[in-house]
Structure formats: C-alpha cells, structure tokens
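The chain contents come next:
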Amino acid sequence: MVSQLESENKSTIIYPESDGKPMADNTKQFRWITLIHGNLSWLFANDEMVFVAGDLLWYPVEGNPKITQAPDVMVIFGVPKGDRGSYKQWEEDNIAPQVVFEILSPSNTQKEMSKKLLFYNRHGVEEYYIYDPDKNQLSGFLRSGEDLDVIDSMDNWESPRLGIRFDMSGEELQLYLPNGEIFQGIEQIKEQLQQKDKQLQQKDKQLQQKDEQLELLVAKLREMGIEPDELR
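Residues numbered from 1 in each chain as written. Predicted model: local features only at pLDDT ≥ 70, side-chain atom pairs only at ≥ 80, totals over all residues. Heavy atoms only, no water.

A.B. asks: An account of the sheet that holds strand β9 (residues 157-158) is requested, with residue identities and associated values reported.
C.D. replies: Taking strand neighbours across the sheet as the criterion, the three strands line up as β9-β10-β11 in an open arrangement whose pairing is antiparallel. Strand pairing shows two members of the sheet lacking a second neighbour, β9 and β11 (174-176), which therefore form its edges. Across two bridges, the pairing between β9 and strand β10 (residues 165-167) is antiparallel. Note on β10: the bridge partner recorded for E158 is R165. (Pairing = 2+ DSSP bridges. Helix = DSSP H or I, 4+ residues; strand = E, 2+ residues; numbered from the N terminus.)

Structure representation (structure tokens):
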C-alpha cells in the first residue's frame, strides 16, 4: 500500500518544461549556442542513438523537480533522437548527459557557475566545457573517477566523446569536426551554397555554349553537303 501511494505521489509531481529564463541574454551568446548545437546535430545526424539538445531542462532525480539544470547544449549517447519537453533521466534508462556546454554572458555570476559545476559533477557529466565569447576564455573539465577534473590546457584539446577539436590560437574559439572541417554557422553555409549554385550555373552556361557551337558546326557541314552521321 505504501509503495502504491509513493507511485501515485510521483505521478502527480509536475516537472516544468521551462525555467522562465531566456535561452540567451544577447546575440553573441545565442550565436554560439546555435553554432555548437547545429554542428553537433549534423555530426551525429546518422546516429539514431545520440540525442543533442539545447536549453532543455534536465531532471536527474525522480520525485524532485527542484533538482534541475538547463545546459546551453548537452549531448547524450545511448538514447534515441526525438522531441522532448524536458529530459527526465529515469525515463531514459537513467543515462545522464555525457557532454555539456555552457556559453557565458555578462549576467552569469561566479556563484551561479560554481553551482552548475557542482551539479554536473554530482550527476555524472563526463565532459563539461565553458566558453566566454566576450573574453575569449575557454575552460574544460573531464571526469576522472568520481569527479570532474580541470583540463590543464584547452588549446587543441580533442573531446574524447565527440572527437571535435578546440582551437584557441586566434581571436576567438574555433571548433573543428573530426574530419577537420570547421564549425560553420547558417550564414557561412548559405554563402557556400550560393557559391556552389553559381558554379553550377556557370557550368550549365558553358555546356549550353558548347551545344550551340556543335549545332553551328552541324549546320555548316550540311551546307557543304556532308551529313555529320556519315563522319562517325
């Protein structure tokens, strides 16, 4: 009877799908969140058992909706793709997000980020990356045993889980896919598509010109009483 009551109580608990906070405080933070989310989604597009999410509330403990965080980007290996209102870990074979990204904005406080680190450490995150685009500062943590340890140097660091590389040699962070291609935003992809479209149009024009030249040559041969087919 007690277990039945506990089950009924758990089923009536509400797990909010929003914390009331915006996904980003400014355009720069938004751009970085969408850049990382978009490229990681593309990287694992063909793997049905990798779920990439952005600004999704993660509830690691059933029965306690107060224990939650909404990472800017998180990657979970071993759970299927699909829409979710929140990530309730006990409904996902109890698999915790393995990789988490946070993009800082001026409103983030040291106290807030310390709480996030404690949360991710306590609930099983394997890799945790924090980037401040205003200061171009990157820090990372990698799980060793039961705790997340600071990664000494992030320049040219390669994520064990994702296979992506972090390059801090320039004025801002550059991220590279495992095949060596740089992370690209929508505008860059659009520009590349436009360039390819122009190249295709140019090739079509060249083919059209060759066809016209061939037609002229055929016409001249016929004026001379020569059938082109007879030359084959």
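What follows continues from the structure just given.
A.B. asks: An account of the nonpolar core is needed here, citing residue identities and associated values.
C.D. replies: Core analysis: the biggest nonpolar cluster contains 29 residues, and L40, F101, L162 and F166 have the highest contact counts within it. Elements with a minimum of two residues in this core: α2 (27-43), β1 (50-53), β3 (73-77), β5 (99-103) and β6 (127-132). If you tally residues by element for this core, the top one is α2, at five residues. Those residues in contact with F101, other than ones at most four positions away along the chain, are I36, L40, P71, D72, V73, Y129, L162, I164 and F166. Membership of the second largest hydrophobic core comes to 20 residues, among which are Y87, M113, Y128 and L148. (Core = buried A, V, L, I, M, F, W, Y, C linked by side-chain atoms within 4.5 Å. Buried < 20%, exposed > 50% of the residue type's maximum accessible area, 1.4 Å probe, protein only. Contact = heavy atoms within 4.5 Å.)

A.B. asks: Kindly report on the pattern of salt bridges, identifying the contributing residues and their values.
C.D. replies: Scanning the model with the defined rule gives five salt bridges in all. Where E92 meets R84, a salt bridge forms, and the shortest distance between an N and an O atom there is 2.7 Å. Here the two residues E92 and R84 agree in accessibility, since each one is buried. Residue K116 is joined to E102 by a salt bridge in which the shortest nitrogen-to-oxygen separation is 3.3 Å. One end of the pair, K116, is in helix α3 (residues 110-122); the other, E102, is in strand β5, and 14 residues separate them in sequence. The pair formed by K116 and E102 is uniform in burial state, with each residue classed as buried. (Salt bridge = Lys/Arg side-chain N within 4 Å of Asp/Glu carboxyl O.)

A.B. asks: Account for the environment of L35, naming residues and giving values.
C.D. replies: Within the element layout of this structure, L35 appears in helix α2. Overall, L35 belongs to the buried group, its relative accessible area being 14%. For the pair L35 and F183, spaced 148 residues apart in sequence, the C-alpha separation works out to 7.2 Å. When sequence neighbours within four positions are dropped, the list of residues in contact with L35 reads F183, Q184 and G185.

A.B. asks: Account for the sheet that holds β5, naming residues and giving values.
C.D. replies: On the basis of which strands lie adjacent, the open sheet formed by six strands has the order β1-β3-β5-β6-β7-β8 and mixed pairing. Of all strands in the sheet, those bounded by a partner on one side alone are β1 and β8 (147-150). Pairs of neighbouring strands in the sheet enclose a mean axial angle of 15°, with direction left out of account. As paired strands, strand β7 (residues 137-144) and β8 are joined by four bridges and run antiparallel to one another. (Axes fitted to C-alpha atoms, helices over the stretch in contact; angles between N-to-C directions.)

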